Amino acid sequence: MHRLAAFWESSVGKKAVMAVTGIVGVLFVIGHMVGNLQVFQGAERLNAYGHLLHGPLNELIWGARVVLLVAVVLHMVAAWQLTMRSRAARPVPYAVRTPQVSTLASRTLRWGGVLLLAFLVYHLLDLTIGAVNPAFEEGNVYGNLLGSLQRPLIAVFYIVAMGALALHLYHGAWSSLRTLGVAPESPSPLKRRVAVAIAVIVAVGFAVVPVAVILGIVR
Amino acid sequence: MSHDDTMQITVRVWRQPGPAAGGALVSYDVPGVSPEMSFLEMLDVLNERLTERGELPIAFDHDCREGICGMCGLMINGVAHGPEKATTTCQLHMRSFRNGDVITVEPWRATAFPVLADLVVDRRALDRIIASGGFISAPTGGAPDGNAIPVPKPAADQAMDAAACIGCGACVAACPNGSASLFTAAKISHLGLLPQGQAERFRRALSMVQQMDLEHFGSCTLYGECQEACPKEISIDTITRMNGDFLRAAAQPPVREAATGSI
Ligand code: HEM
Ligand code: FES
């Protein structure tokens, strides 16, 4: 126990927890995105997928929910604590400060993370619990999705959140492997190829759904 | 060089009489600056004038003025060591600026680097990180033959690149988190890559990271600013190596250390 506490206390240990929980998130969003694309195969197909998950695979889903909840909480707590430490490490700011190579993605991890958290809460209330979805009907995945995303403001919120996710992953999918000490050495370590692909594929894969609903392609 | 080549520069310098005193940016006009002057020579000229006027000269750190000792280091227009890549402040020349420029000069800013006066900060926190694990155990006795221990060429090269760190603290200054990860990682890599550094490799990673945290440096987000600011161009690959060593060390069962020596 003492060693676990020391690990969590250390900045490198805490950051490793963020990396592992972040990677859990990345794997989840890839799976979720692929699942969502069945919306283009029609209501029956998507609803059948929903019934598969909540029927025969119910235990699996609950297991995944527990893992994801733990991951999100650890990720958030570590993000908060590391942010506070970093603030405390430079209480007097520079009068002039000119970023050289840090990306927009890296500099928006924290506020982008807050946006993602807000999105996460809304999204669960919208399509899992149904509390903020006027058209909600248990088991009618397709109908619930249409009911929500046919409101342009909500669709735009979903699309903006996916932009934030893309930025978060553009940095995170790259940095996590360095945080875990497993990235190969590179003559230009700031270059990233796989992370760009993950960020773009995930964000576009999610965002096509609200776009298609607004354009009336999915009805 | 003709008289026309000289420039008129304005510097806005952080003035702070002592560690506990308040400070502020103060503007000084510096006429007659030659492009061949180094940045520190420009400050020398300014200091001479301040002394003649009976004012206190600006305190700044420097020693070798050859880019090798790591004593100098200023935040120049928001960039650690100024606008030239792979260049310490002492090796920066005024030809990198233009006539009429207004240049803001600030000390390294970090909780772990308290300002002593003006542009001078206390960087002993870095020494304490070294003391916590930046060494190897070597047997006493006659010096061993240099060629007795084979070192693979790639390891020798990488260790040499990491050993180029002069401990100036620019990585901390440039990091938005005020992290000393690049410094600590350079020291961990430089020893951990070599056969002589293996005995303490994992204990070193644990204790140097712990010391880094105790000194109130921030954590690493991998912004990359440190690597860009480093006058010796040390790569953030060293940080990947430090993290790997730390995590492997944390996963190992703790070693019960026997007291050395005889009773
Ligand atoms: C719940 C809201 C979230 C917050 C508040 C948040 C916050 C953050 C912050 C502040 C960082 C940077 C940590 C640092 O280096 O100092 C980060 C990194 C990261 N995030 Fe998030 N994030 C959130 C959600 C997510 C989600 C949903 C995913 C995955 C889809 C994710 C994946 C990652 C990854 C992979 C990293 C990189 C970790 C590393 O480099 O070690 N995050 N997050
Ligand atoms: S004075 Fe020695 S490195 Fe600049």
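Residues numbered from 1 in each chain as written. Chains lettered and ligands numbered in written order. Predicted model: local features only at pLDDT ≥ 70, side-chain atom pairs only at ≥ 80, totals over all residues. Heavy atoms only, no water.

Residues and elements named next belong to chain A. Bound to the iron atom of ligand 1 on the protein side are His75 (NE2) and His168 (NE2), at distances that span 2.0 to 2.1 Å. For the iron atom of ligand 1, the 6 donor atoms in the first shell make angles of 85 to 179 degrees at the metal, so the coordination geometry reads as octahedral. Taken together, the positions of His75 in helix H4 (residues 58-89) and His168 in helix H8 (residues 152-179) put the pair 93 residues apart, joining distant regions of the chain. (Donors = N, O, S within 2.8 Å, 3.2 Å for Na, K, Ca; no water. Tetrahedral: all angles 85-135°; square planar, octahedral: opposite > 155°, others 65-115°. Helix = DSSP H or I, 4+ residues; strand = E, 2+ residues; numbered from the N terminus.)

Below, the discussion takes up the domain arrangement of chain B. All names here are of chain B. In terms of domains, chain B is made up of domain 1 (7-117) and domain 2 (123-251). One C-alpha centre belongs to domain 1, the other to domain 2, and the line joining them spans 29 Å. If you look at the interface, domain 1 gives 19 residues, while domain 2 gives 20 residues. When domain 1 packs against domain 2, the two sides together hide about 1500 Å² of surface, and 60% of this comes from carbon and sulfur. (Domains from an automatic or database assignment. Contact = heavy atoms within 4.5 Å. Buried area = accessible area lost by both parts, 1.4 Å probe.)

Residue and element names in this part refer to chain B. For the structure on display, the rule yields 6 aromatic pairs over all chains. Taken together, a centroid distance of 5.8 Å and an interplanar angle of 45 degrees make the contact between Phe39 and Phe97 tilted. Of this pair, Phe39 sits in helix H1 (residues 39-52) while Phe97 sits in the loop between strand S4 (79-80) and strand S5 (102-106), and the two are 58 residues apart along the sequence. Phe39 gets classed as buried once you look at its relative accessible area, which sits at 0%. Exposure remark for Phe97: the relative accessible area of 7% places this residue in the buried category. Aromatic pair Phe113 and Phe217: ring centres 5.7 Å apart, planes at 80 degrees, arrangement edge-to-face. Taken together, the positions of Phe113 in the loop between S5 and strand S6 (115-117) and Phe217 in the loop between helix H6 (201-214) and helix H7 (225-229) put the pair 104 residues apart, joining distant regions of the chain. (Phe/Tyr/Trp six-rings, centres within 6.5 Å; stacked < 30°, edge-to-face > 60°. Buried < 20%, exposed > 50% of the residue type's maximum accessible area, 1.4 Å probe, protein only.)

Before going further, it helps to spend a moment on the interface of chain A and chain B. When the parts of a complex come together, some accessible area is lost, and that lost area is often used as the size of the interface. Each partner contributes residues to the interface: chain A has 45 residues there, and chain B has 50 residues. Taken as a group, Arg3(A), Arg90(A) and Tyr94(A) account for 16% of the area that chain A buries against chain B, more than any other trio of residues on that side. Put simply, Arg178(A) and Asp237(B) hold a salt bridge, and the shortest N to O gap is 2.9 Å. Linking chain A with chain B are 28 residue pairs in polar contact (both at pLDDT 80 or more), by the criterion used here. For the side of chain A that touches chain B, the secondary-structure elements that each account for two or more residues are helix H1 (2-9), helix H2 (11-36), H4, helix H5 (104-107), helix H6 (109-128) and H8 of chain A. Its residues assigned to classes, the side of chain A that touches chain B comprises 22 nonpolar, 13 polar and 10 charged. (Salt bridge = Lys/Arg side-chain N within 4 Å of Asp/Glu carboxyl O. Polar contact = N/O pair within 3.5 Å; in protein donor to acceptor, adjacent residues only side chain to side chain. Nonpolar A, V, L, I, M, F, W, Y, C, P; charged D, E, K, R; others polar.)

Time to look at helix H5 (residues 181-192) of chain B. Count 3.6 residues to each turn of an α-helix, and residues three or four apart come out pointing the same way. Residues and elements named next belong to chain B. Between the first and last C-alpha of H5 there are 15 Å, a value that for 12 residues agrees with the 16 Å anticipated at 1.5 Å per step. Among the 12 residues of H5, 11 are classified as buried, and the element is accordingly described as predominantly covered. Where H5 is buried, its residues contact helix H2 (124-131), helix H3 (153-163), helix H4 (170-174), H6, H7 and helix H8 (237-251). (Expected span 1.5 Å × (residues − 1).)

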